[in-house]
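Tertiary structure, described
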Amino acid sequence: MVHTNTASECPKEMIALKMAQTEKLLPGNQNSVSMDSSSVDMKQLSTHAGSKGRTQHRQTSKPSKRENICSIGSSSSDAPTAVKKRVVPTFHRKASGLKEKTKNKPEKLSQMSIEQVMGTTHRVSGALVQAAKTVTSMSPSELAKLQEIISESSEMLMMLTYTDGSTQLREPNEPRKRASASLHEEGVANSVLVAIQRKAAKKEYMFVSFPLAGLGKENASEATRNVLLEILQSSTRKVCFDAQELMHAIIINYSLDPQSGCNKWVIMDPKIACWLLDPDNPPVTFSGMLKTFVTGKYNDQAPNNHLTHLELLGLVMGDLTNKLQRKNLWELFINLEVPLIPILAGMEVQGIQVNQKMLISYSNILKDEIKDVEKQCYKEAGHPFQITSHIQLRQVLFVELKLDEQCPGQKLARTNVQNLKSTSETVLHKLIDLHPLPELVLTHRQLVKLKSTYLDGLSDYVSGGYIHTSWDQTSAASGRLQSSNPNIQNIPKQPLQLHKDANGSVVNETTASSTTPATTLWMREPFYSHDGWSFFAADFQSIELRILAHLSQDAVLLKVFNDAGSTDIFVQLTCEWLGLNLDDVKTADRERTKRIVYSVIYGVGAERLAETLNDTKENAKAFTKSFLVKFKGVNTFAQRCISECQRHGHVKTIFHRHRLISNISSQNFHVRSHAERQAVNFVIQGSAADICKLAMIHIMKVLSEKNTVRARLLVQIHDELLFEVHDEDINEVKGILKTVMESTPTLGESICQLKVPLPVSLSYGKTWGHLKQMV
DNA sequence: GGCTCGACGCTACG
DNA sequence: CGTAGCGTCG
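Along every chain, residues carry numbers that run from 1 in the direction the sequence is written. Going through the entries in the order they are written, you letter the chains from A and number the ligands from 1. Given that the model is predicted, a residue must reach a pLDDT of at least 70 before its local features are reported, and side-chain atom pairs must reach 80 or more before they are shown or counted; all residues, however, enter totals for whole chains, interfaces and linings. Neither water nor hydrogens contribute to the side-chain values; these are computed over all heavy atoms in the structure.

Looking at the protein's contact with DNA strand C
Here is the rule we go by: Summary of the distance rule: residues count as near a molecule or strand when at least one heavy atom falls within 4 Å of that molecule or strand. The term polar contact refers here to a pair of N or O atoms within 3.5 Å; inside protein, the definition further demands a hydrogen-donor-capable atom paired with an acceptor-capable atom, and it admits residues adjacent in sequence only when both atoms are side-chain atoms. Counting from the N terminus, the helices are DSSP H or I runs at least four residues long and the strands are E runs at least two residues long. Three classes are used, and their members are as follows: Ala, Val, Leu, Ile, Met, Phe, Trp, Tyr, Cys and Pro are nonpolar, Asp, Glu, Lys and Arg are charged, and the others, Gly among them, are polar.
The full set close to DNA strand C counts 27 residues, and Ser389, Ala477, Asn485, Arg659 and His674 are the nearest of them. In DNA strand C, atoms within 4 Å of the protein come 81% from sugar and phosphate. Arg677 is positioned with one of its side-chain polar atoms (N or O) 3.4 Å from a phosphate oxygen of DNA strand C. One of the side-chain nitrogen or oxygen atoms of Gln685 is found 3.2 Å away from a base oxygen of DNA strand C. Listing elements by their share of the surface near DNA strand C, those giving two or more residues are helix 14 (390-400), helix 16 (437-459), strand 9 (482-484) and helix 24 (669-705). Among the elements that line the surface near DNA strand C, the one with the most residues is helix 24, at five residues. When its residues are assigned to classes, the surface near DNA strand C shows five nonpolar, 18 polar and four charged.

A short note on the packing of aromatic side chains
For any pair of aromatic rings, the description rests on two quantities: the centre-to-centre distance and the angle between the ring planes. Note the threshold: Between rings of Phe, Tyr and Trp, where Trp is taken as its six-membered ring, a pair exists when centres lie within 6.5 Å; planes separated by under 30 degrees are stacked, by over 60 edge-to-face, and by other angles tilted. Burial here depends on accessible area, computed with a 1.4 Å probe over protein chains only, as a share of the maximum for the residue type. Under 20% is buried, over 50% is exposed, and the range in between is partly exposed.
A full pass over the atoms with the stated rule returns six aromatic pairs. Where Trp330 meets Phe333, the ring centres are 5.4 Å apart and the plane angle is 40°; that geometry is what we call tilted. Placement of both Trp330 and Phe333 in helix 12 (residues 330-350) is noted, with a separation of three residues, approximately one turn of the helix. You'll find Trp330 and Phe333 in the same group, each marked buried. Seen in terms of ring centroids, Phe527 and Trp768 are 5.3 Å apart; in terms of plane orientation they differ by 85°. Their pairing is edge-to-face. A residue pair is termed long-range when its members are at least 10 positions apart, and Phe527 in the loop between strand 12 (518-521) and strand 13 (533-540) and Trp768 in the loop between strand 18 (760-765) and strand 19 (772-773) qualify at 241 residues. When its relative accessible area of 0% is taken as the criterion, Phe527 is described as buried. Judged by its relative accessible area of 2%, Trp768 is buried.

What about the sheet that holds strand 13?
What counts, and what does not: One bridge is not enough; two strands pair if DSSP finds at least two bridges between them.
In spatial order, the strands read 16-17-13-18-19; together these five strands make up an open sheet with antiparallel pairing. Sheet topology places strand 16 (711-716) and strand 19 at the edges, where each strand pairs with a single neighbour. Here seven bridges tie strand 13 to strand 17 (residues 720-726), and the two strands are oriented antiparallel to one another. Counterpart to Asp539 in the pairing with strand 17 is Glu720.

Considerations on the packing of helix 9 (residues 270-277) against helix 12
The condition that has to hold: Under this scheme, a helix contributes an axis fitted over its contacting stretch, all axes are lines through C-alpha atoms, and angles between N-to-C directions fall in the 0 to 180 degree range. Just so you know how the angles are binned, under 35 degrees is roughly parallel, over 145 roughly antiparallel, 65 to 115 roughly perpendicular, and the rest oblique. By the definition used in this description, the sense in which the near helix is turned from the far one sets the handedness, with an anticlockwise turn below a right angle giving left-handed and a clockwise turn giving right-handed. Contact criterion: two residues are considered in contact whenever any of their non-hydrogen atoms come within 4.5 Å of each other.
For the pair helix 9 and helix 12, the least separation of the axes is 11 Å and the interaxial angle reads 130°. On the basis of the axis angle, helix 9 is oblique to helix 12. With respect to the hand of their crossing, helix 9 and helix 12 are arranged in right-handed fashion. Contacts between helix 9 and helix 12 involve Ile272, Ala273, Trp275 and Leu276 from the first element and Leu332, Phe333, Glu337 and Ile341 from the second.

Some thoughts on the pairing of strand 17
Counting buried residues along strand 17, seven of its seven residues qualify, which places the element largely inside the surrounding structure. With burial as the criterion, each face of strand 17 is covered, one bearing Glu720, Leu722, Glu724 and His726 and the other bearing Leu721, Phe723 and Val725. As paired elements, strand 16 and strand 17 share five bridges and run antiparallel to each other. Paired with Arg712 across the bridge in strand 17 is Glu724.

Quick look at the pairing of strand 18
By the criterion of burial, strand 18 is predominantly enclosed, with five of the six residues buried. Connecting strand 18 to the antiparallel partner strand 19 that follows it, the hairpin turn spans six residues.

Quick notes on the pattern of salt bridges
Here is the rule we go by: A pairing counts as a salt bridge when a side-chain nitrogen of Lys or Arg comes within 4 Å of a carboxyl oxygen of Asp or Glu.
Applying the stated criterion across every chain, the model contains 18 salt bridges. Of the charged contacts, one joins Lys738 and Glu742 as a salt bridge, the two residues approaching to 3.1 Å between their closest N and O atoms. You can see Lys738 and its partner Glu742 sitting in helix 25 (residues 730-742), four residues apart, about one turn around the helix. Classification of Lys738 by relative accessible area gives partly exposed; the value is 34%.

Focus on the protein's contact with DNA strand B
By nearness alone, 24 residues border DNA strand B, and Thr423, Lys449, Arg480, Lys493 and Asp719 come closest of all. A breakdown of the atoms of DNA strand B within 4 Å of the protein gives sugar and phosphate a share of 74%. In the model, a phosphate oxygen of DNA strand B is placed 2.8 Å from a nitrogen or oxygen of the Thr423 main chain. When residues of the surface near DNA strand B are assigned to their parent elements, the largest contribution, three residues, is made by helix 16. For the surface near DNA strand B, the per-class residue count stands at six nonpolar, twelve polar and six charged.

As for the nonpolar core
Where we set the bar: Among buried residues, the Ala, Val, Leu, Ile, Met, Phe, Trp, Tyr and Cys ones that are joined through side-chain atoms within 4.5 Å form a nonpolar core. Residue ranges assigned to each domain were obtained from an automatic or database domain assignment.
Core analysis: the largest hydrophobic core is formed by 206 residues, its most contacted members being Phe210, Phe333, Phe527, Leu545 and Phe723. No other element matches the 17 residues that helix 24 contributes to this core. Taken domain by domain, this core gets at least three of its residues from each of domain 1 (6-100 + 113-349) and domain 2 (356-461). Setting aside anything within four residues of it in sequence, one finds Leu545 in contact with Phe561, Ile569, Phe570, Leu573, Val597, Tyr598 and Ile601.

Set out below in structure tokens:
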């Protein structure tokens, strides 16, 4: 097991998460991986032929860089030098020459050395040209020997090769293309190259390649597939730079079940290790990582071939392992981040069903509405202008209409960099009573945003009725997951109300009378579940505030969360704060409390809070002050974060995730203040992220154990998990999700026992638009 | 004149 | 606070 494999390298004071102590997270149990293609939704799989987004930047190859790259197995000796938008599937070619040699070897397997069998054992030091053996060219006896070698190996280094001849360990390619250029691309993964290190002879590797591109069913022989799965499930330490991408390619090309087929794969990823060490500067490419994180010996210009890169990969991971252990990050790495990799890969392949026709029809509705609003804007301004141009809008509002001069008491915000008069939402709100234009512009902005980002933008990503988002583990310094291409985590939750008033002109909800006919659009409505299945959402209620209660140990906050009662937390807080009765709390008070609370979490200043509250700076200050007086622990907690950061140069979350913040001692007030807010915010946001990830791993583990329950994880939105569940299993899943997620705090108890409960609220429905709350 | 790029402003989500 | 992504502008 990996755990035992690596335990000897771990410091004694290592605290393991409870999760990892159970064997299920760890590899070695072959039977638990479903190879049954009948369990795979073929309709969905057929839509995943291409992986977009993450492959965008490797379309082009640099022939000059590849001059001394040796030919590996089925890869690049005759790779196209020209850029190809659509990659023609390259069927795995026979490993020329090599195959002949090994085929002619004597038959007595037991008497042969590995070299004799495989002809590929190789000492990497030195620039020897060396080829890997392609698995598909092996005879049954050779495969048997290979399996034996795998079972006796001490380490396996893995990487993808692409049809253009580059690899995962390639030099950085052309500058990244714009997101729009990445749409509808074909996947270009060509093969999986594995260097197997033998236990007996540490310096000897055996190189094997598994074809991916053009892998038809007829070619994916059971034997070949089983060998690759054996590697992935083996307890041997495995290393890959960007393991998520590797897993993604394997799941697709070998038609594995994206949810259950891979969740026990354990691969060390140096990319993630580097990000844990310095989350603000995550490596993008392998060579970039070497430059930033690896000192001395590896910086030398190594021979540019696949095999030396693989050896380098192993050395670097060894180095990083030591670094992680020294920084007390190893448990976070091995128990949280590494188990997450196959889950994310599975989510990418799984995708989510989208009704593209609905996206288009909504878009057309908005197109007309936008035109109407445009006309009204021109009328109110007295002439046509480009409403989306801040420069022109500034001219109209502040030079022609001089609206800013009509509100002398108010201080209107300025833009960040150029210090010009801002046209932001908060500014426009303040001008609303002076002239019809500001509100029209706000409406226009809202409609344009919804149309361009969430209707047209999403529509571009629909392929075969599905959207396959990319999940990025290393792009957020706080430890949160991030989705992109498209970003599925910021699709509006609130519906858009469209009203037509008596004149037929469009107005938004704030001014429309309740009797006018209304159209209601939910941007999440086009996302729908399969027949016989439903969406099922589970989200942690106000997790960041609960984390704050725990971390600050503030007596009042702790009491609020632990005295239970189903009353809304912000209503309760408002009571505590203003000394009101529960029934006397008005919605406005509740909203105000919520904003103040999160402002404190985010560490914003009085000016910013005044803006969000639409109140004066003095009142905002007073609010914040009375809040901090009521919850004295919060302020001491913030100060503790700041001084910890000053002492150590970094702050830590409850699971030891850290962030280096050097500006904490800056002489510049603004720079230092920003750093202080970052420090406080990171501890809370990062701790919440830790727990959400732990919950995610835990729930996927439990679901995969109950193989009768049909549930798939589709999306993670920080504190919320969206599943698709078979209708017959809804009640069972409801019970599992609630129990398992709410037990998350106990999982990490060896690291940290949370002093507050983390209740989960559940909802379900046939579309993502408006889910029904469950009780 | 069209095209690409980075900087900037704004606003969804948490 | 911190993500992604759309739009304008020079």
